[in-house]
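Each chain, letter by letter, is given below.
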Amino acid sequence: MRLKDLRHKIMSALKYDRSLASKEIKSDCHSDSIPPTTCPKNPPKMVGGAFGKKTSRRAAIGLAGGGVGAAFAFSACSNMLDEETKDKLGLSWEEFFKKNYRLMTDQEKGETVKRIEKLAKVKNNEIINVSDTPAKDGVLFGYAFNISKCQGYMDCVEACVKENNQDRESNMQYINIFEMENGNLNIESGNSKYSHEVPVEGKFYLGTQCFHCEKAPCIEVCPVGATWKEPDGIVVVDYDWCIGCRYCEAACPYWGRRFNWGAPQIPNEELNTEQHYLGNRKRGKGVMEKCTFCIQRTRKGLQPACVDACPTGSRTFGNLLDPNSEIRYIIENKKVFRLKEDLGTEPKFWYYMD
Amino acid sequence: MKSTIRLGVWVTTLLSLILVSNITKAKILSENPNQPPQEHRGDIFISGIETVQSQYSSLEKPFLIKKRSPALRKSDCETCHKDDVKTNSNTTGTHNDINLMHAAKQGMNCLTCHAMNNVELLKNVNSTQIIEIDHAYLSCQGCHFSQARDWAGGAHGKRVRIWAEPRIVYNCTECHNPHNPTFKKRWPKIISTLPEKK
């Protein structure tokens, strides 16, 4: 009889949690411009019962877990552990039980960022600077690519890998450069695996990456709310919330997302230490990642690494809401098109030609 | 009755655990008090780029151009040649390292762009107007007017490091060698490692 009661309680708790996850976190607040943290439809998850009415489930578990860890650390057993290990354990506990980035207060964001810096120091002896710079008001990022100018040199790809701390083991790359026959705009016929001197007569080059769609299908399919569109239009992933189901990879019509089959390997001397929580900080095994328009650079006013590296000026990045920006000039004055426009994903990535 | 006692025990245990964990949290975050608090909210990145105001006409919004002259080796003849300059009789002129591949067959020569009396200056290709090196685009636009219009608007060329205001762009000659302006064939920097599409 009691066993049944217990089982019933657990099941109902699980159901409640699932319905919350699908209703509140996922769908309501990502598509409009209200910052997710202030969205009224998106309150932190609450559960009642034994933990009291005002504690979220995760926080409660975190506290309980942290408590157990701390109790262990302070107990007689703690003599076996040195200070550093205790620190590492404590930090890892808190890190594991933190909230989704969108539900964090500014203070919690600051704390988690500091914690990540400390963990990198004690775990891997890396001195990094992680930022949580928020989106600026009146900024919506857009990108333009000149298919008449690109010569297929792939300087952008190299710069991207270095900037975004991508896995050197699996040679992960975000940018695809397709070599295409002149007069043919069918991306399926492009060859992205060319290895010869470029440019080749009679061909042109077209680069793809994450297009940061306004109506991004990858966000729609995420079952845990680990990916969303920021107020400045950048589609980001909370690497600590992603469960690695790869639905988003399947949903993206532009091959924009990448999966970490193993823990990313980056030599310490090649690590880019200027990082952002939603950007190029080290990812774990089994999570998705993608181009973030170099959020760690662009939120500070710098151009993405690919734009900076391009020797031909094929790449333009800017603020779509600024009528004086280059991106607006291109959209207003050049013949522009977007890839697979019929899908209605509204990519913020335009192609144009001279 | 039993369940009430059990609940009581649970609540007490939990409260004590929460207390202990909060103490450890405070300890961890306040560790290393000597370290200065790090600034995470970055400002707009403004760097020391030497610029000049654009002189491109027929455009309402002004912008900045990265100075080109500091990157150039000055061809100041008098620093070596104190006496009368005598060119080698076997050569037809100085600057023999320059192989003009810029519409040379169509009739362009040094003096199409360079000022006759001062090699430090350029000239308008369509008139005798003298142009400074930092404003080389004024010379280029004499022929490449549509490119110059796109460059001033933002569809040609590229910006220097920042996307935010102020707008600073590269001069034409930063990317194009004026004596040989086309981009050359070369190997890609890196080979694509992405899996083949099915």
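Residues numbered from 1 in each chain as written. Chains lettered and ligands numbered in written order. Predicted model: local features only at pLDDT ≥ 70, side-chain atom pairs only at ≥ 80, totals over all residues. Heavy atoms only, no water.

Side note on the overall build of chain A
Piece 1. For chain A, the count of helices and strands is 10 helices and 12 strands.
Piece 2. For chain A, buried positions account for 53% of its 354 residues.
Piece 3. Within chain A, residue pairs in contact and separated by at least 24 positions form 64% of the contacts whose partners lie at least 6 positions apart.
Piece 4. Counting only carbon and sulfur atoms, one obtains 55% of the accessible surface of chain A, whose full area is about 16000 Å². (Helix = DSSP H or I, 4+ residues; strand = E, 2+ residues; numbered from the N terminus. Buried < 20%, exposed > 50% of the residue type's maximum accessible area, 1.4 Å probe, protein only. Contact = heavy atoms within 4.5 Å. Areas by Shrake-Rupley, 256 points an atom, 1.4 Å probe, with all protein chains shown as cover.)

Here we look at the packing of aromatic side chains
Piece 1. Inspection of every chain in the model, using the stated rule, returns 23 aromatic pairs over all chains.
Piece 2. Measuring from ring centre to ring centre gives 4.6 Å for Tyr 101 of chain A and Tyr 277 of chain A, while their planes differ by 15°; the resulting arrangement is stacked. Linking Tyr 101 of chain A in the loop between helix 3 (83–96) and helix 4 (106–124) with Tyr 277 of chain A in the loop between strand 8 (274–276) and strand 9 (288–290), this pair joins segments that are 176 residues apart in sequence.
Piece 3. Considering the side-chain rings of Phe 63 of chain B and Trp 151 of chain B, the 5.4 Å spacing of their centres and the 80° angle between planes classify their relative orientation as edge-to-face. With Phe 63 of chain B in the loop between strand 1 (51–53) and strand 2 (64–66) and Trp 151 of chain B in helix 4 (residues 145–153), this pair connects stretches of sequence that are 88 residues apart. Here Phe 63 of chain B and Trp 151 of chain B have matching classes, each one buried.
Piece 4. Put simply, the rings of Phe 141, Tyr 143, Phe 145, Phe 211, Tyr 254, Phe 293, Phe 317, Phe 337, Phe 349 and Tyr 351 of chain A together with Trp 163 of chain B pair up and form one aromatic cluster.
Piece 5. One cation-aromatic arrangement involves Arg 283 of chain A over Tyr 239 of chain A; the distance from NZ or CZ to the ring centre is 5.7 Å. (Phe/Tyr/Trp six-rings, centres within 6.5 Å; stacked < 30°, edge-to-face > 60°. Lys NZ or Arg CZ within 6 Å of the ring centre and 35° of its normal.)

Looking at the nonpolar core
Piece 1. If you look at the biggest cluster of nonpolar residues, it comprises 68 residues, and the most contacted ones within it are Ile 177, Leu 206, Leu 339 and Tyr 351 of chain A.
Piece 2. In this structure Leu 339 of chain A touches Ile 187, Leu 206, Thr 208, Phe 211, Tyr 254, Pro 347 and Tyr 351 of chain A, once residues within four positions along its chain are discounted.
Piece 3. Grouped together as the second largest cluster of nonpolar side chains are 14 residues, Tyr 56, Ile 65, Leu 122 and Trp 151 of chain B included. (Core = buried A, V, L, I, M, F, W, Y, C linked by side-chain atoms within 4.5 Å.)

Things to note about the sheet that holds strand 11 (residues 335–337) of chain A
All names here are of chain A.
Piece 1. One open sheet holds the four strands; their spatial order is 10-2-12-11, and the pairing between them is mixed. At either end of the open sheet lies a strand with only one pairing partner, and these are strand 10 (315–319) and strand 11. Sheet twist, expressed as the average angle between the axes of neighbouring strands with direction ignored, equals 30°.
Piece 2. Sheet topology places strand 2 (residues 141–146) next to strand 10; five bridges connect them, and they run antiparallel. The residue of strand 10 that forms the bridge with Gly 142 is Gly 318.
Piece 3. Across the sheet, helix 10 (residues 326–333) lies against strand 2, strand 10, strand 11 and strand 12 (349–353), angled at about 110° from strand 10, the strand it touches most. (Pairing = 2+ DSSP bridges. Axes fitted to C-alpha atoms, helices over the stretch in contact; angles between N-to-C directions.)

Here we look at the pairing of strand 3 (residues 176–181) of chain A
All names here are of chain A.
Piece 1. With respect to burial, strand 3 is a largely interior element, five of its six residues being buried.
Piece 2. In the sheet, strand 3 pairs with strand 4 (residues 203–208) via six bridges, with the strands oriented antiparallel. Residue pairing for strand 4: Met 180 is matched across the bridge by Phe 204.

Some points on the environment of Lys 67 of chain B
Residues and elements named next belong to chain B.
Piece 1. In this structure, Lys 67 sits in the loop between strand 2 and helix 2 (110–113).
Piece 2. Here the alpha-carbon distance between Lys 67 and Ile 49, two residues 18 residues apart in the chain, equals 8.2 Å.
Piece 3. In contact with Lys 67, not counting residues within four places along its chain, are Glu 50, Thr 51, Val 52 and Asp 134.

Some remarks on the confidence of the model for chain B
Residue and element names in this part refer to chain B.
Piece 1. Residues at a pLDDT of 70 or more form 62% of chain B, whose mean pLDDT is 73.
Piece 2. Within the model, the stretch residues 19–46 combines pLDDT values under 50 with 49 contacts to residues more than four positions away or in other chains.
Piece 3. Segment residues 87–92: pLDDT under 50, and two contacts once partners within four positions in sequence are set aside and those in other chains are kept. (pLDDT = per-residue confidence, 0-100.)

Description of the pattern of salt bridges
Residues and elements named next belong to chain A.
Piece 1. On inspection of all chains with the given rule, the structure shows 33 salt bridges over all chains.
Piece 2. Between Glu 108 and Lys 99 there is a salt bridge, with the nearest N and O atoms lying 3.2 Å from each other.
Piece 3. Under the relative-accessibility criterion, Lys 99 is labelled partly exposed at 24%.
Piece 4. Salt bridges sharing partners connect three or more residues here, namely Glu 94, Glu 95, Lys 98, Arg 115, Asp 240 and Arg 281. (Salt bridge = Lys/Arg side-chain N within 4 Å of Asp/Glu carboxyl O.)

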